[in-house]
Amino acid sequence: MATSSILADARKLVDELIDPLADQWETERRFARESFDAAAQLGLTALLVPEAQGGRGLGPLAFVRVFEVLASADLAAAFSLVVHNNFARGLAASGNQHLIDLLLADTVSGAAMGAFLLTEPGTGSDASAITCSAVLDGDEWVIKGDKAWITNASDATALNVYAQTNPALKHRGIVSIVVDAATPGVTRLEPYELLGGHAMGTGGFRFDDVRVSRNNTLSPVGEAFGAAMVGIDLARVVVGAMCCGMLQRALDVAVEHSRSRQLFGGSVADKQGVQWMLADVATDLEASRLLTFRAAEALEAESDATIAAAHAKKFSVRAAERGIAACMQTMGATGFRRAVDNPLPRHLAGARIAAYIDGTW
Ligand SMILES: Cc1cc2nc3c(=O)[nH]c(=O)nc-3n(C[C@H](O)[C@H](O)[C@H](O)COP(=O)(O)OP(=O)(O)OC[C@H]3O[C@@H](n4cnc5c(N)ncnc54)[C@H](O)[C@@H]3O)c2cc1C
């Protein structure tokens, strides 16, 4: 399927559902369930899965463009879909026949929702130090420990759990295992109260001697940490693109407001100080796009994109935080007010979230 048709679907989702509902999800402090379900109907839940396996077969470049569009309305709803799509990609690419038969069709259709469980209450950036343990007992893994800061935690059904099999091996001892969230011993913890972004349903899980078939191993011991890092390169570029989407939207709203708002005998847009502020935002946005799409092209070409992805994420997040705040400033108090036609406060919180997800900055 042509990328243009998928981008049109993403725009439709933004116009018809995410834009109208995003402020409500925030007010009600709840997961963007309607967004996930509508995305599933449009086939946006398996964008990276090859067409031969039922997905849309997008490459990284097209994938990134889809999320630039979705995040222009709401980073949280968009990121929930990023996490699910990354889960689907990993399952299709690395899942054994048991996991494919068990879960791929439901993951592609959105009947199952994926989550990525690496972070723990005691460790985030230093992911090799995770303490959630997995011990083999015959043909079953026994998993014990806590996970924290998990996107989609409120609704996810298929959990990709990273666990340590032998602390002496550090990152080489880590395995990843797919766990059904309904398995006895799995407790879904209360989602967190946050500055914003409740639509991504972030929360934690507790695993109390959870028994799962050894066949549910997604990435074996010795390979799981590397697999997590491969996914993170793409996710960082997507975060860069989502920041571009939010910043473009902020700029559009601020420019429109500055043209219509009258003060001191003319429009705000006539004031040179305001023009300079908005021009700086436009320059930062262009630089963010260049870094982001250069990193996406490296991923598309299957070359090493780790450094390019880190540059793209760091620059785009900072440009978005600075730029969205500047856009709000040009709008005076109106910029600070949450409203259906003013996503800037939500996007400012979204830019802060972008500074943490998939590694700080
Ligand atoms: C909304 C949200 C959703 C998330 N979703 C997920 C998810 O789905 N799955 C998941 O596994 N995780 C998720 N995370 C967790 C995220 O990946 C972590 O927050 C991130 O890895 C940072 O870890 P930390 O918060 O524990 O910070 P820490 O690791 O405690 O870092 C604290 C500070 O130290 C700095 N720092 C770290 N290392 C160094 C260093 N070597 N030198 C100098 N400074 C350093 C950091 O930049 C930071 O400023 C999510 C987080 C948020 C906020």
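Thresholds, definitions, all that
Residues numbered from 1 in each chain as written. Predicted model: local features only at pLDDT ≥ 70, side-chain atom pairs only at ≥ 80, totals over all residues. Heavy atoms only, no water. Core = buried A, V, L, I, M, F, W, Y, C linked by side-chain atoms within 4.5 Å. Buried < 20%, exposed > 50% of the residue type's maximum accessible area, 1.4 Å probe, protein only. Helix = DSSP H or I, 4+ residues; strand = E, 2+ residues; numbered from the N terminus. Contact = heavy atoms within 4.5 Å. Salt bridge = Lys/Arg side-chain N within 4 Å of Asp/Glu carboxyl O. Axes fitted to C-alpha atoms, helices over the stretch in contact; angles between N-to-C directions. Parallel < 35°, antiparallel > 145°, perpendicular 65-115°, else oblique. Left-handed = near helix turned anticlockwise from the far one by under 90°. Pairing = 2+ DSSP bridges. 1 Å grid on protein atoms, 1.4 Å probe; cavity = no way out; pocket = protein on both sides within 12 Å on 5 of 7 lines; lining within 4 Å. Points joined across faces, edges and corners; volume = space filled by probe spheres on them. Near = heavy atom within 4 Å. Polar contact = N/O pair within 3.5 Å; in protein donor to acceptor, adjacent residues only side chain to side chain. Areas by Shrake-Rupley, 256 points an atom, 1.4 Å probe, with all protein chains shown as cover. Sits in = over half its atoms within 2 Å of the grid points. Phe/Tyr/Trp six-rings, centres within 6.5 Å; stacked < 30°, edge-to-face > 60°. Lys NZ or Arg CZ within 6 Å of the ring centre and 35° of its normal.

1. Some thoughts on the nonpolar core
Soluble globular proteins: nonpolar side chains tend toward being buried together.
Then step 1. One finds Phe67, Leu70 and Met242 to be the most contacted residues of the largest nonpolar core, which totals 82 residues.
Then step 2. Put simply, the parts of the chain that give this core at least two residues each are helix H1 (3-27), helix H2 (33-41), helix H3 (60-71), helix H4 (75-94), helix H6 (224-260), helix H7 (272-300), helix H8 (306-330) and helix H9 (344-354).
Then step 3. No other element matches H6, which puts 14 residues into this core.
Then step 4. If sequence neighbours within four positions are ignored, Leu70 has contacts with Ala10, Leu13, Val14, Ile18, Ala78 and Leu81.
Then step 5. Judged by nonpolar contacts, the second largest core, of 21 residues, contains Leu117, Val175, Ile177 and Phe207.

2. Some points on the pattern of salt bridges
It is possible for side chains of opposite charge to pair when their charged atoms get near one another.
Then step 1. Here the structure, examined in full by the defined rule, presents 19 salt bridges.
Then step 2. A salt bridge links Arg249 to Asp19; the nearest nitrogen and oxygen atoms lie 3.0 Å apart. Here the residue Arg249 occupies a position in helix H6, and Asp19 occupies one in helix H1, the gap between them amounting to 230 residues.
Then step 3. Residue Asp19 is classed as buried on the basis of its relative accessible area of 15%.
Then step 4. Among the ionic contacts, a cluster of salt bridges with common partners joins Asp23, Asp74, Arg338 and Arg346.

3. Thoughts on the packing of H1 against H2
Then step 1. Axis separation between H1 and H2 bottoms out at 9 Å; the angle between their running directions is 165 degrees. Taken together, the axes of H1 and H2 lie roughly antiparallel to each other. Where H1 crosses over H2, the handedness of that crossing is left-handed. Together, Leu13, Leu17, Ile18, Leu21 and Trp25 of H1 and Glu34, Ser35, Ala38 and Ala39 of H2 make up the contact between the two elements.

4. Quick look at the pairing of strand S5 (residues 174-180)
Then step 1. Across the seven residues that make up S5, a large majority, six, are buried.
Then step 2. Both strand S4 (residues 158-164) and S5 contribute to a ladder of seven bridges, which runs antiparallel. Paired with Asn160 across the bridge in S5 is Val178.

5. Digging into the layout of surface pockets
Then step 1. Volume-wise, the largest pocket comes out at about 1,200 Å³.
Then step 2. Lining the largest pocket are 45 residues, with Phe116, Thr119, Ile357, Asp358 and Gly359 sitting closest to its centre.
Then step 3. Secondary structure elements with two or more residues in the lining of the largest pocket: H4, strand S1 (114-117), strand S3 (140-150), S4, strand S8 (217-219), H6 and H9.
Then step 4. No other element matches the nine residues that H6 contributes to the lining of the largest pocket.

6. Considerations on the site of the ligand
Then step 1. Close contacts around the ligand come from 15 residues, with Thr119, Ser125, Trp149, Thr151 and Thr360 the closest.
Then step 2. Note that a nitrogen atom of the ligand is positioned 2.8 Å from one of the side-chain N or O atoms of Thr151.
Then step 3. The separation between an oxygen atom of the ligand and a polar side-chain atom of Thr360 is 2.7 Å.
Then step 4. Its free accessible area being 980 Å², the ligand has 57% of it covered by the protein chains.
Then step 5. Of the pockets mapped on this structure, the ligand occupies the largest pocket.

7. Quick word on the packing of aromatic side chains
Then step 1. Evaluated as defined, the whole model comprises four aromatic pairs.
Then step 2. An angle of 35 degrees between the planes, with centres 6.3 Å apart, marks the rings of Phe205 and Phe207 as tilted. Across the pair, exposure class does not vary: Phe205 and Phe207 are buried alike.
Then step 3. Here the guanidinium or amino end of Arg318 rests over the ring plane of Trp361, the centre of that ring lying 4.3 Å away.

8. Some details on empty space enclosed by the protein
Then step 1. Counting across every chain of the model gives one cavity of 30 Å³ or more.
Then step 2. Approximately 40 Å³ is the volume attributed to the largest cavity.
Then step 3. Forming the walls of the largest cavity are Asp74, Leu75, Ala76, Gly196, Gly197, Arg346, His347, Gly350 and Ile353.
Then step 4. Put simply, the parts of the chain that give the lining of the largest cavity at least two residues each are H4 and H9.

None of the figures reported here should be taken as evidence of function without further support.
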